[in-house]
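Structural characterization, general
Listed here are the chains, written in short residue letters.
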Amino acid sequence: MKSPLFFILLFLLQIQFVEAQNKYTLSGYVKNTNNGEEIIGAKVFLKEPFFVGAVTNAYGFYSITLPEGEYTISAQYFGYDTKILKINLKQNLKQDFLLSESINQLEEVEISAKRKDENITNIQMGMAKINMQDIKNIPVLFGEKDILKTIQLLPGVSSTGEGNSGFYVRGGNADQNLILLDEATVYNASHLMGFFSVFNADAIKDVSLYKGSQTSEYGGRLSSLLDIRMKDGNDKKIGIEGGLGLIASRLAVEGPIVKNKGSFIISARRSYADLFLKLSKDSAMRERKLYFYDLNAKANYRINTNNRIFLSGYFGKDVFKFGDKIGIDWGNATGTFRWNHLFSAKVFSNTSLIFSNYDYSINTVLAGTNGEIISRIQDYNFKQDFQYYPNSKNKLSFGLNSIYHKIIPGVIKEESDSSINELNINYKHALNNALYFSHQFNSNKLISFEYGFRFSFFSTLGPGNFYSYNSLGEINDSTYYRKGEIVQNYFNIEPRFSLNFLLNEKSSVKFAYGRNTQNLHLLSNSTSGNPTDLWIPSSNNVKPEISDQVSLGYFRNFKNNTFEFSTEIYYKYLQNQLDYRDGAELRFNEYAEAQILFGIGRAYGLELFLKKKYGKFNGWIGYTLSKSEKKINGINNGEYYNAKQDRTHDLSIVAIYEFTKKWTVSATWVYYTGNAVTFPSGKYEVAGQIVNYYTERNGYRMPTYHRLDIGVTWQRKTTEKFESSWSFSLYNAYGKENAYSITFQEDPTDATKTQAVQTTLFRWVPSITYNFKFK
Amino acid sequence: MKTSILNIVKFKNYFLISSILIFFSCEKVVDINLNEKDPQIVIEGNINDQAGPYFVKLSQTVNYDQTNEFPEISGAFVLINDNYGNLDTLFETVNPGIYATKFLQGENERTYTLKVVTNGKEYLSTSTIHSPVQIDTLTIENQSLPMGNKKVINVEFQDVAGKTNYYRFIKIVNNVVQPTIYLAEDLTQDGEKLKVSLIDKKSEDVNIKSKDTITIVLESIDENVHAYFKSLLKLNSGGMINQSSTPTNPISNINNNALGYFNACSLTTKTIILP
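Parameters at a glance
- Residues numbered from 1 in each chain as written.
- Chains lettered and ligands numbered in written order.
- Predicted model: local features only at pLDDT ≥ 70, side-chain atom pairs only at ≥ 80, totals over all residues.
- Heavy atoms only, no water.
- Helix = DSSP H or I, 4+ residues; strand = E, 2+ residues; numbered from the N terminus.
- Buried < 20%, exposed > 50% of the residue type's maximum accessible area, 1.4 Å probe, protein only.
- Contact = heavy atoms within 4.5 Å.
- Areas by Shrake-Rupley, 256 points an atom, 1.4 Å probe, with all protein chains shown as cover.
- 1 Å grid on protein atoms, 1.4 Å probe; cavity = no way out; pocket = protein on both sides within 12 Å on 5 of 7 lines; lining within 4 Å.
- Points joined across faces, edges and corners; volume = space filled by probe spheres on them.
- Nonpolar A, V, L, I, M, F, W, Y, C, P; charged D, E, K, R; others polar.
- Domains from an automatic or database assignment.
- Phe/Tyr/Trp six-rings, centres within 6.5 Å; stacked < 30°, edge-to-face > 60°.
- Lys NZ or Arg CZ within 6 Å of the ring centre and 35° of its normal.
- Pairing = 2+ DSSP bridges.
- Core = buried A, V, L, I, M, F, W, Y, C linked by side-chain atoms within 4.5 Å.
- pLDDT = per-residue confidence, 0-100.
- Salt bridge = Lys/Arg side-chain N within 4 Å of Asp/Glu carboxyl O.
- Axes fitted to C-alpha atoms, helices over the stretch in contact; angles between N-to-C directions.

1. Focus on the overall build of chain A
Looking only at helices and strands, chain A has six helices and 51 strands in total. Per-residue burial over chain A gives 63% buried out of 775 residues. Long-range contacts, defined as pairs at least 24 residues apart, comprise 64% of the intrachain contacts of chain A with a sequence gap of at least 6. By element, 58% of the accessible surface of chain A is carried by carbon and sulfur atoms, the whole surface being about 29000 Å².

2. Side note on the overall build of chain B
Scanning chain B from N- to C-terminus turns up two helices and 18 strands. Relative to its 275 residues, chain B shows a buried fraction of 53%. By sequence separation, contacts in chain B at least 24 residues apart represent 65% of the contacts at least 6 residues apart. Accessible area for chain B stands at about 11800 Å²; split by element, carbon and sulfur atoms hold 48% of it.

3. Examining empty space enclosed by the protein
Residue and element names in this part refer to chain A. Taken as a whole, this structure holds 17 cavities of 30 Å³ or more when the rule is applied. A volume near 310 Å³ is recorded for the largest cavity. Around the largest cavity, the lining comprises 27 residues; the ones closest to its centre are Leu178, Gly219, Gly220, Asn401 and Ile403. Counting only elements with at least two residues in the lining of the largest cavity, the list comes to strand E12 (177-181), strand E25 (369-388), strand E26 (394-415), strand E28 (428-442), strand E29 (447-461) and strand E33 (507-518). Here the lining of the largest cavity is composed, by residue class, of eight nonpolar, twelve polar and seven charged. Split by domain, the lining of the largest cavity shows at least three residues from each of two domains, domain 2 (127-227) and domain 3 (228-774).

4. Overview of the packing of aromatic side chains
Enumeration according to the criterion identifies 46 aromatic pairs over all chains in this entry. Taking the centre distance of 6.2 Å and the plane angle of 25 degrees together, the rings of A:Phe449 and A:Tyr451 count as stacked. With relative accessibility at 24%, the residue A:Phe449 sits in the partly exposed group. The cationic tip of A:Arg602 hangs over the ring face of A:Tyr640; the distance from NZ or CZ to the ring centre is 3.6 Å. Above the plane of the ring of B:Phe229 lies B:Arg168, whose end atom (NZ or CZ) is 4.1 Å from the centre.

5. Observations regarding the pairing of strand E2 (residues 43-46) of chain A
All names here are of chain A. Burial along E2 is two-sided: the face carrying Lys43 and Phe45 and the face carrying Val44 and Leu46 are both buried. Note: E2 against strand E3 (residues 53-55), three bridges, orientation antiparallel. Each bridged residue has a counterpart across the sheet, and for Val44 the counterpart in E3 is Ala54.

6. So, the nonpolar core
Membership of the largest hydrophobic core comes to 67 residues, with the highest contact counts inside it found for A:Ile151, A:Phe199 and A:Leu226. Looking at which domains feed residues into this core, each of domain 2 (127-227) and domain 3 (228-774) of chain A supplies at least three. Beyond its immediate sequence surroundings of up to four residues, A:Phe199 is in contact with A:Ile147, A:Leu148, A:Ile179, A:Leu181, A:Val186, A:Ala189, A:Ile228 and A:Arg269. B:Leu90, B:Val116, B:Tyr123 and B:Phe262 belong to the second largest nonpolar core, which has 22 residues in total.

7. What to know about unusual backbone geometry
For the bond running from A:Gly462 to A:Pro463, omega is 10 degrees, close enough to zero to count as cis. Relative to the helices and strands, A:Pro463 is located in the loop between E29 and strand E30 (464-469). With an omega dihedral of -5 degrees, the bond running from B:Gly52 to B:Pro53 counts as a cis peptide bond. Mapping B:Pro53 onto the fold places it in the loop between strand E2 (41-48) and strand E3 (55-60).

8. What to know about the confidence of the model for chain A
All names here are of chain A. Taken residue by residue, chain A gives an average pLDDT of 86. The fraction at 70 or more is 91%. Per-element confidence in chain A is highest for E33, whose mean pLDDT is 95, and lowest for helix H1 (residues 4-16), whose mean pLDDT is 52. Contacts from residues 105-114, a stretch scored under 50 in pLDDT, to residues over four places away or in other chains number 25 contacts.

9. Quick look at the pattern of salt bridges
All names here are of chain A. Enumeration over the complete set of coordinates arrives at 48 salt bridges over all chains. One salt bridge in this structure joins Lys145 and Asp202, with 3.2 Å as the shortest N-O distance. One end of the pair, Lys145, is in the loop between helix H3 (132-137) and helix H4 (147-151); the other, Asp202, is in the loop between strand E15 (196-197) and strand E16 (204-210), and 57 residues separate them in sequence. For the pair formed by Lys145 and Asp202, the shared burial category is buried. Note that Arg496 is salt-bridged to Glu494, the shortest N-O span being 2.6 Å. Residue Arg496 shares its accessibility class with Glu494, and that shared class is buried. Here the salt bridges do not stand alone but share partners, grouping Glu37, Asp182, Glu183, Lys205, Glu217, Asp232, Lys298, Arg338, Lys383 and Asp385 into one network.

10. Section: the environment of A:Leu222
Residues and elements named next belong to chain A. Relative to the helices and strands, Leu222 is located in the loop between E16 and strand E17 (224-230). Given a relative accessible area of 1%, Leu222 falls into the buried group. A C-alpha to C-alpha distance of 6.1 Å links Leu222 and Gln518, two positions 296 residues apart in sequence. In contact with Leu222, not counting residues within four places along its chain, are Gln176, Gly212, Asn516, Thr517, Gln518, Glu545, Ile546, Ser547, Leu574 and Gln577.

11. Here's the deal with the sheet that holds E17(A)
Strands belonging to one sheet form pairs held by backbone hydrogen bonds; the direction of such a pair is parallel or antiparallel. Strand order in this open sheet of five strands is E9-E16-E17-E12-E13 (chain A), and the pairing throughout is mixed. Across the chains shown, the open sheet's two edge strands, defined by having one partner strand only, are strand E9 (127-130) and strand E13 (184-185) of chain A.

12. Quick notes on the sheet that holds strand E49 (residues 741-746) of chain A
Here we have three strands laid out as an open sheet, ordered E49(A)-E50(A)-E1(B), and antiparallel in their pairing. The outermost strands of the open sheet, each flanked by one partner alone, are E49 of chain A together with strand E1 (26-30) of chain B. Neighbouring strand axes in the sheet, compared pairwise and without regard to direction, differ in orientation by 35 degrees on average.

13. Examining the environment of A:Asn260
All names here are of chain A. Tracing the sequence through the fold places Asn260 in the loop between strand E19 (248-258) and strand E20 (262-271). Owing to a relative accessible area of 41%, Asn260 belongs among the partly exposed residues under this scheme. Separated by 42 residues in sequence, Asn260 and Arg302 place their C-alpha atoms 8.5 Å apart. Excluding anything up to four places from it in sequence, Asn260 contacts Asp235, Lys236 and Arg302.

Okay, structure coming up:
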């Protein structure tokens, strides 16, 4: 795995950045002064010269190398008071910045001389950070604050359906989003058929979304990267936080392991939606069990100034039981061990060992037979990252990543009278290795840029039978491969490039190009995602999906950075896209790959975003105009057709108003074009039944969707030790009957006719949540 | 029993959603402006190992907003032949659009070809009659199902060893054919004694009760016919789970984009009267 390339690279860089004798390194961490949590993405900058500085990495670390001298340095982050320090740099210096949360963080009064202008100076485009404070205030279905539903309110991101936590980014499929929780892949990010996400907001510190132009450190999905980082825990004192809601309750405990050296946090959430079923008149309904739970746990310890370890884990499950022996449960489990090591003040290293698992099992009893179906995907992941800060203008990131995937598509066990039958669909094994490097250059002039490459080596491995199919999906040939034998190799180079051209202090133009490849594909016939959808690796039949995206953006801040405006246009070309043969049976099918058809896709659009960040009144407007199409051999006569996630218009308005310290009112309004769907163009009779006749794929639209949600937060008296609040929300406040589905069926009152029936899920769903915090 | 388990899985998803949503959802009939399309031919052909005549029905699609009257196709040339050189040109019966054989006899282990020529187009399909499988016993069982406790018929029979077999069941309650399509295959249990529960999937199925006369027809069908009915079942079983998946026409074993199927099969029956 170790390529000599890296050493050559390092050597070249040493030459390039030969250091003058009188340069020293200022390094350290930026932290929250109250709980010791490191702040990700905080800026540590010189007052003069402008633009010299650094941004803290995912562990809150920064490093700047400067000539000997006296400097005024400021550390700043949105929602925190800026800290300004005078330093005299005449040797390498370790300096941590402790920032305190702004008491009046939304007030117009600005403490620092300069407003924060991250979105102008940041090289990254197509990137959004979610403010955890916003998540608290934005009203959502059933009052469960939700990261995934909040990101759906951003331009370029759309919801997969009513009340659903699934999302599409820039016209990509739902499986083209890489969702990482403390670097571990989360394969199914939803609970309860998608109405809740698996992320308990109490346990989350930082959420960043990259819409396809992420740095080369990350790869594996075409559309986006959602990087979620768990809280590390308070290393100063014990704290307890929780909430009681209609659907679920949650509790989090955090505290120091050794004060200022290590901390832990454990948070748990359990739903009790099935209690509602007890209200049902139907006895079968009352016997049903339906709930989910989550457990997040994390601990970290600073061994010394140069070494720190983290251990974090997530475990969640959905359980549905119908009677004693019939049921289905599914869930994710992830575990991450990390070791941060400072080789020097300029070289930061992180080593991660990551495990992730998603599985489901179905139990059933029928005609006296017990049956069980199990399916699972597991990852064993090793990741080594280096960040090297040779001087104040350059940053280099490089590393390697090796993931072993093991997929059990389906094991079916049946107990008949005499024996236990077991049907095993071939397990699938694959190894995905990647090397990456990335160079970020920030001049103190107008131009800054970042470029990088990711080299992805993917191997599908035996043991098992591998089939080849003809164009009709019939088996041509079958070959058996031994354990560990390579069936198919794929090598891809993924170049990435971002450029920021500063027009003036208030505006900039950005450009980005990125290629992403994807070697795991979700076989799913439904939009919202079923727990039983199956992931398959690239193979001799399935080639890696490839996307190339170019985007161009204009960023402008107004009124001393109170308002941020940005617009981006993008064009994405997709290769080796998957769709399915008519009537495809994807589950429990040894020959599922025979059901897949391949083609290309294209997606393009315009995104507008206006955000007011400060003041009693804040919020944003996001608008997207877009198109997403596919062209697959064997579908729609090989012509381009609308992808189901094609949305012409998508508008979100979020407004939060703080009337007083006690009362905050918020509202969101969303409006979007209905999904592209296939409706019947006719009907006929066969086998005594009326059957719909379909012609064009996705040739119709669901009705336009719009909805207003209102939320009120009532902050109770806050003391040194305790604070509490009530959140009230009303989902779909004006009761719009939005279409969840449209079914075409026989008219129950007149057998000679058929009709279209629209199902609406949620109208006026009120909710109430009580939140508390012991400090 | 593999098939049964898979079927219940699909059920469960549906009921899983409906359990949650029943408290919030509402339904209404809406007007959707659907495109009009040229009529497409629908062919329904059957031949089996019982005495003839056998029938082929030709009809057409209509636009969605029309009433359920499907124009028959008269005056077509319809022919069935087997792989032993027997050939029978069907005649149109007094019921327009329905064509009958004159003398052809369906035999086990023979392959039949249906040819329909109408309106200048030719449609072809082949299907094979496999050996019949006898029903050993029919039993009644109370099963606790997602939609409540129901009386369910279990069909027990001996699978033919050494090959994949496909079965279709027809349930006739008091001389009325029930609409649910019941299918089975012997994936994990080749050559074993199979027991298949016939669980209703359509709301129009009548609940069986005491004193009912129930006849079960067990058809031994070929792979392509099974694929047709399986995809038809998938399309027509309805439910919210289908709301977002892309519906497609069933996989027909007839060429030239014709809708429908040609089923050559052997069949056996057994009747019970419920106590």
